[in-house]
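Residues per chain, in single letters:
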Amino acid sequence: MQQSDDSGAPSFNPLVVLELISDTKEEAITWLLSRIRTPQQAGGAGLLVEQLGPGVSAEHKDNPNLFLVGASWERLLSGAEDVGLFKEYSDGSMRGFTCANKHNFKDFQGDGDGFLSMAECQYIIKHELETLRAKDETHVPGYSNAKLYPGKSIIRRLLSKGILIQMFPLHHKEELKRLSFSWYKKFKLSLQPLDEIRHYYGEGQALYFGFLEYFTFALVPMALFGVPYYMFDWEDYDKYVAFAVFNVVWCTIILELWKRSSATLAYHWGTLSRKKAFEEPRPGFHGVLGYNPVTDREEPLYPNAKRQLRIYLVSLPFVLLCLYLSLYVMMIYFQMEGWALSVHDQDPSFWTGVLLYIPSIIYAVVIEVMNLVYRYAAEFLTEWENHRLESSYQNHLVLKVLVFNFFNCFASLFYIAFVMQDMVLLSQSLATLLITSQILNQFMEAFLPYWLQRRRNKKMIRKVQKRRTPGDKELPLAEQVRLEADMSTYLGTFDDYLELFLLFGYVSLFSCVYPLAAVLVVLNNVTEVYSDAFKMCHVFKRPFADPAANIGVWQLAFETMSVIAVVTNCALIGMSPQVKAYFPESETQLILWTVAIEHGLLAFKFILTFLIPDVPKHIQIKLARLEFESLEALKKKKMLEGTEFRKSVQ
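Since the structure is predicted, the reported quantities are computational estimates derived from the model, not experimental observations.

### With respect to the UniProt feature "transmembrane region" (unreviewed entry) in the chain
At step 1: Mapped onto this numbering, the UniProt entry gives "transmembrane region" (unreviewed entry) at residues 206-228, 240-258, 311-334, 354-377, 397-418, 430-452, 500-523 and 590-612.
At step 2: Note that residues 354-377 is 92% helix and 0% strand, and that its end C-alpha atoms are spaced 35 Å apart.

Written as structure tokens, this is what we have:
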């Protein structure tokens, strides 16, 4: 392991930081460190841990309870086998790593130093810490209210009781510098370094940036189609049929092709065939202590019937009430729109022309504020529902947030399109909502976090410069750790995917009446790549790697939006004067034809889903071959055991 030259630095390469509350009782600290250091065979984690030194800018208010965690290479390699890590084998296939076959893996040399990326090492340490379980302890030493029982995760209990403030992986300055340079520091029209992003941040982050890149490139044909359409047909709002047909085909095909692209990435990163880890109860989950027949351990149990009552009698009515409030705000917006129009009609001028856009801008700002407030309420309610698993919690949260955001952002556009049937107002409202929301998002997501972090960095650097020697160029380890501990916590890709989901909605649902929507979204996505990359590298703490094989529940969300887009665009086509001209006498016949075509397109969409395999053929063959070889190896093992048994009997 690496030795550090900094005074007070640990004698190993620190990978993860544990921060306990400043007044943590000494007996609790001693017990926790002992359990972390105890070898695996004796029920510990078998990791290396040392307390962080005070550093050159030590103050009385600095928390002394920061601990650096690392591990020997042998321990990391056994941990890689425990978590089911897939690495490239000597024949080019991706296989589950085992210590017994370690020399057969492509990049394994010598004792394996450098075989695992830093992100993988940090993920292994996180896994080992989270699976560190209580033995015969009844509570955390010094904290009688922090109950423990055999098999309970110690780290999760410390988190839920507020004794452990945070656990985060450390940045690697040199690696981060190289990644920053290749990712966003030089403006270039080329693909993102997805393999490097995955190497540093893990598969979950790399898949998000891969999807952002894919979505941006997928929008280019629509943007190229939209610019001439905007230039030549803009004055005639009714000529949108061709663009609506293009929308229907586009939103169907791109999501199917993304699944194949995602599967290819996940295979090369070793997560496609990786078995999902058994989910532990969430840190915030509570209930009456009972017996779990699956794990054969005691753990809190909470009646599912009680949870369902909370969902249907409290959460559902609350969501419906929020949707009603959103509808009420929308009607106020239309009243403001009507007032602005009447003022402009009475005295047309430049300023009254500007006034026409003010209601839409105010409404767009109100939408963003309502989305933000609702998000906090949704998180509180989902937490209160007391879901046992993190995946269940995330699914319920995503559903609540998506329903409200979809209604809040698109209800006014549906009303203008299908009730008022005013295509001029629809295009104006879409443009205003899209541009205003993009400006607000860039401010909230990029400028504000950057400004806040810069202020924190300046404070820390000023403190250090008072005591550092003139020759020092880099922050000492202790100061670097404290600086990272004060950084904002990255809350995952939820908000990033949500933003892309809403942009996908604006483009796929109504861009036929505002063809420049795709151009605006492409420009937004290009700036989003650079702002997100900067935030990841310099604003937020480094997140733990998430070994994801796909974009999860968001794939379903985007596919649902594409189905709604087919229905919406078919309805817009049916309402167009060109189509109405074919049915001058019978409106019923027009509706029936529109519905029939819409059903036909939906059927085509679902047939396409089955015809285009989610996993490319060459990867399917590799996975099938790996499964065949595993079965053959198992057969040989059983035959060998049978032969040995017969010999021992004779």
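Read on for the rest.
### Quick word on the packing of aromatic side chains
At step 1: Enumeration according to the criterion identifies 34 aromatic pairs in this entry.
At step 2: Aromatic pair phenylalanine 410 and tyrosine 506: ring centres 4.9 Å apart, planes at 65 degrees, arrangement edge-to-face. With phenylalanine 410 in helix α12 (residues 390-420) and tyrosine 506 in helix α15 (residues 494-510), this residue pair connects regions lying 96 residues apart in the sequence. Residues phenylalanine 410 and tyrosine 506 agree in their burial class; the two are buried.
At step 3: Here the guanidinium or amino end of arginine 310 rests over the ring plane of tryptophan 384, the centre of that ring lying 4.4 Å away.
At step 4: A cation over a ring is seen here: arginine 542 above tyrosine 200, with NZ or CZ 3.7 Å from the ring centre.

### A look at the environment of glutamine 109
At step 1: Inspection of the secondary structure assignment puts glutamine 109 in the loop between β5 (94-96) and α3 (118-130).
At step 2: Take glutamine 109: its relative accessible area is 61%, and that puts it in the exposed class.
At step 3: In the structure, glutamine 109 is positioned 38 residues away from alanine 71 in sequence and 19 Å away in space, judged by C-alpha atoms.

### Looking at the side chain of arginine 157
At step 1: Note on placement: arginine 157 falls in helix α4 (residues 154-160).
At step 2: Given a relative accessible area of 12%, arginine 157 falls into the buried group.

### Section: the domain arrangement of the chain
At step 1: According to the domain assignment, the chain contains domain 1 (16-170) and domain 2 (178-275 + 388-624).
At step 2: For domain 1 versus domain 2, the distance between C-alpha centres works out to 35 Å.
At step 3: In this complex, domain 1 contributes 33 residues to the contact, which on the side of domain 2 involves 30 residues.
At step 4: Buried area between domain 1 and domain 2, both sides added, is near 2700 Å², and the carbon and sulfur share of it is 60%.
At step 5: Linking domain 1 with domain 2 are one salt bridge.

### So, helix α5 (residues 173-185)
At step 1: Given a rise of 1.5 Å per residue, 13 residues ought to cover 18 Å, yet the end C-alpha atoms of α5 are separated by just 15 Å, more than 12% below that figure.
At step 2: All of the buried residues in α5 are Glu175, Leu176, Leu179, Ser180, Ser182, Trp183 and Tyr184.

### Regarding a nonpolar patch on the surface
At step 1: On the surface, Phe350, Trp351, Val354, Tyr357, Ile358, Ile361, Ile362, Val365, Val366, Val369 and Val373 cluster together into a nonpolar patch covering about 990 Å² of accessible area.
At step 2: Of all elements in the fold, only α10 (350-355) and α11 (358-384) reach the threshold of two or more residues within the nonpolar patch.
At step 3: For the nonpolar patch, the leading source of residues is α11, giving seven residues.
At step 4: Relative to the elements of secondary structure, valine 366 occurs in helix α11.
At step 5: When its relative accessible area of 31% is taken as the criterion, valine 366 is described as partly exposed.

### Details of the sheet that holds strand β3 (residues 66-70)
At step 1: A sheet is described by the order of its strands in space; here four strands give the open sequence β2-β3-β1-β8, paired in antiparallel fashion. With one partner strand each, in any of the chains shown, β2 (48-51) and β8 (164-169) form the two edges of the open sheet. Going across the sheet, the axis of each strand differs from the next one's by a mean of 20 degrees, ignoring polarity.
At step 2: Sheet analysis places strand β1 (residues 16-20) next to β8, joined by five bridges and oriented antiparallel. In the strand pairing of β8, leucine 20 is matched with leucine 164.

### What about unusual backbone geometry?
At step 1: The phi torsion at asparagine 386 lies on the positive side, around 60 degrees, for a residue other than glycine.
At step 2: Among the structural elements, asparagine 386 can be located in the loop between α11 and α12.
At step 3: Accessibility expressed as a relative area gives 0% for asparagine 386, which makes it buried.
At step 4: Although it is not a glycine, glutamine 421 adopts a positive phi angle of roughly 50 degrees.

### What about the pattern of salt bridges?
At step 1: For the structure on display, the rule yields 16 salt bridges.
At step 2: Residues glutamate 130 and arginine 156 are paired through a salt bridge, measuring 3.9 Å at the closest nitrogen-oxygen approach. Of the two residues, glutamate 130 is situated in helix α3 and arginine 156 in helix α4; the sequence distance between them amounts to 26 residues.
At step 3: Judged by its relative accessible area of 14%, arginine 156 is buried.

Parameters at a glance
Residues numbered from 1 in each chain as written. Predicted model: local features only at pLDDT ≥ 70, side-chain atom pairs only at ≥ 80, totals over all residues. Heavy atoms only, no water. UniProt positions renumbered as here; feature names shortened; annotations may be inferred. Helix = DSSP H or I, 4+ residues; strand = E, 2+ residues; numbered from the N terminus. Phe/Tyr/Trp six-rings, centres within 6.5 Å; stacked < 30°, edge-to-face > 60°. Buried < 20%, exposed > 50% of the residue type's maximum accessible area, 1.4 Å probe, protein only. Lys NZ or Arg CZ within 6 Å of the ring centre and 35° of its normal. Domains from an automatic or database assignment. Contact = heavy atoms within 4.5 Å. Buried area = accessible area lost by both parts, 1.4 Å probe. Salt bridge = Lys/Arg side-chain N within 4 Å of Asp/Glu carboxyl O. Expected span 1.5 Å × (residues − 1). Patch = residues over 30% accessible without salt bridge, like charges linked within 9 Å, V, L, I, M, F, W, Y side chains within 5 Å. Areas by Shrake-Rupley, 256 points an atom, 1.4 Å probe, with all protein chains shown as cover. Pairing = 2+ DSSP bridges. Axes fitted to C-alpha atoms, helices over the stretch in contact; angles between N-to-C directions.

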